[in-house]
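# Analysis of the macromolecular model
Below, each chain spelled out in residue letters.
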Amino acid sequence: MLTILIDGIAYGMLLFILAAGLSVTLGLMNFINLAHGAFALMGGYATAIFMNRWGVPFLLTLPLAFLLPALVGAVAERTLYARLYRRSHLDQVLFSIGLVFMVVAATDYLVGSQQQLITLPAWLQGRFDLFGIPVGRYRAFLIVLCSVMVIGLQLVLTRSRFGSRLRAAVDDQRVARGLGINVGTIFAATFAVGSGLAGLGGALSVEILGMDPTFPLKYMVYFLIVVTIGGTAGLIGPFIAALLIGVADVAGKYYVPELGAFLIYLLMIAILIWRPQGLIARAR
């Protein structure tokens, strides 16, 4: 039971890192970016290619998996996404879903449709006993790494000058500009960090979730569920939602495998009936 709980927490942490950028762009910037999974795909493929073709150690590929999607995200935000901030949500959905299919097709054409595989370092393989409970080394690594990232992200959004400027730019761009805040730079930096987090999540998920060109389509619903259940007040709600989904998914596949992913949708429906605005909604 405790092993399933730990595996579920690790899976939930991974889902949160994958969806954290979307929770910022959707919850704070009010922009629906369904192409978020494309940046995760980029990070996952970056790790697989750097490791398999050039022999780069796993840990050294993680900064690369963050920086490459972050740079692409910054360019895409200034050249493509910035034009849609004032457009309707339908326009944003149609545009971003079109980007997803373009990225999937391009990846399949350039790299192939086969699943990417990596070999983790020896110290991340196998299990160890924690008070008599067998715990996967890689799961424990994910829990520790993602916990540090969650705390850091929350501190940046709530306690830093950048976070206060971002919230001001989201609440009223005209007033924020009048106060000397460069709204364009703030949005570009936020979008770049969100894209980088997606890429890092994709790199970390290669071993657990697998990585192939259809990754953005397969897990798009999971990202949206995390943000929808968590609410739009910040990162705490999506973090709790990701943990709930991770534990429910792992426990459901172990105890009631015939239900499959249906248990997650039942959980989503129950939470949204209880709190339609999400676990932690943004104050109006």
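You'll find the structure just up there.
Computed from a predicted model, the values in this text were never measured in an experiment. (Residues numbered from 1 in each chain as written. Predicted model: local features only at pLDDT ≥ 70, side-chain atom pairs only at ≥ 80, totals over all residues. Heavy atoms only, no water.)

## Some details on the pairing of strand β1 (residues 127–130)
Regular strands show a simple pattern: their side chains alternate between the two faces of the sheet. Stated formally: At least two bridges found by DSSP between two strands are what make those strands a pair. Labels follow the DSSP assignment, with helices taken as runs of H or I lasting at least four residues and strands as runs of E lasting at least two, numbered in each case from the N terminus.
Of the pairings in the sheet, the one linking β1 to strand β2 (residues 133–136) comprises four bridges and is antiparallel in character. In the strand pairing of β2, F128 is matched with V135. Between the antiparallel neighbours β1 and β2 lie two residues, among them F131 with a positive phi of about 55°.

## Observations regarding the packing of helix α6 (residues 161–171) against helix α8 (residues 183–209)
We count it as follows: The convention used is that axes are lines fitted to C-alpha atoms, helices contributing only their stretch in contact, and that angles between N-to-C directions extend from 0 to 180 degrees. Comment on the angle field: the value is read as roughly parallel under 35 degrees, roughly antiparallel over 145, roughly perpendicular from 65 to 115, and oblique elsewhere. Two helices that cross are described as forming a left-handed crossing if the nearer one is turned anticlockwise from the farther one by less than a right angle, and a right-handed crossing if clockwise. What makes two residues a contact is simply this: any of their non-hydrogen atoms within 4.5 Å.
Relative to each other, α6 and α8 sit at 110°, their axes nearing to 10 Å. Considered as vectors, α6 and α8 are oriented roughly perpendicular to each other. In the packing of α6 onto α8, the handedness of the crossing is left-handed. Contacts from F162, R165, L166, A169 and V170 of α6 reach α8 at V183, I186, F187, A189 and T190.

## Considering the packing of helix α9 (residues 215–230) against helix α11 (residues 262–274)
At a minimum axis separation of 10 Å, α9 and α11 run at an interaxial angle of 25°. Put simply, α9 runs roughly parallel to α11. Two packed elements cross with a definite hand, and for α9 against α11 that hand is left-handed. Here α9 contributes V221, Y222, I225, T228 and I229 to the contact with α11, which in turn contributes I264, Y265, M268, I271 and L272.

## Digging into the packing of aromatic side chains
Operational definition: Any Phe, Tyr or Trp ring, taking Trp's six-membered ring, that has another such ring centre within 6.5 Å forms a pair; planes under 30 degrees apart are called stacked, those over 60 apart edge-to-face, and the others tilted. For every residue, the accessible area (1.4 Å probe, protein chains only) is compared with the maximum for its type, and the residue is labelled buried under 20%, exposed over 50%, or partly exposed between those bounds.
In the structure shown here, the tally under the stated rule is 14 aromatic pairs. Taken together, a centroid distance of 5.4 Å and an interplanar angle of 80° make the contact between Y85 and F187 edge-to-face. Of the two residues, Y85 sits in the loop between α3 (58–79) and α4 (89–110) while F187 sits in helix α8, which places them 102 residues apart along the sequence. With respect to class, Y85 is no different from F187; both count as buried. Measuring from ring centre to ring centre gives 4.8 Å for F215 and Y219, while their planes differ by 40°; the resulting arrangement is tilted. Placement of both F215 and Y219 in helix α9 is noted, with a separation of four residues, approximately one turn of the helix. The residues F215 and Y219 share a single accessibility class, namely buried.

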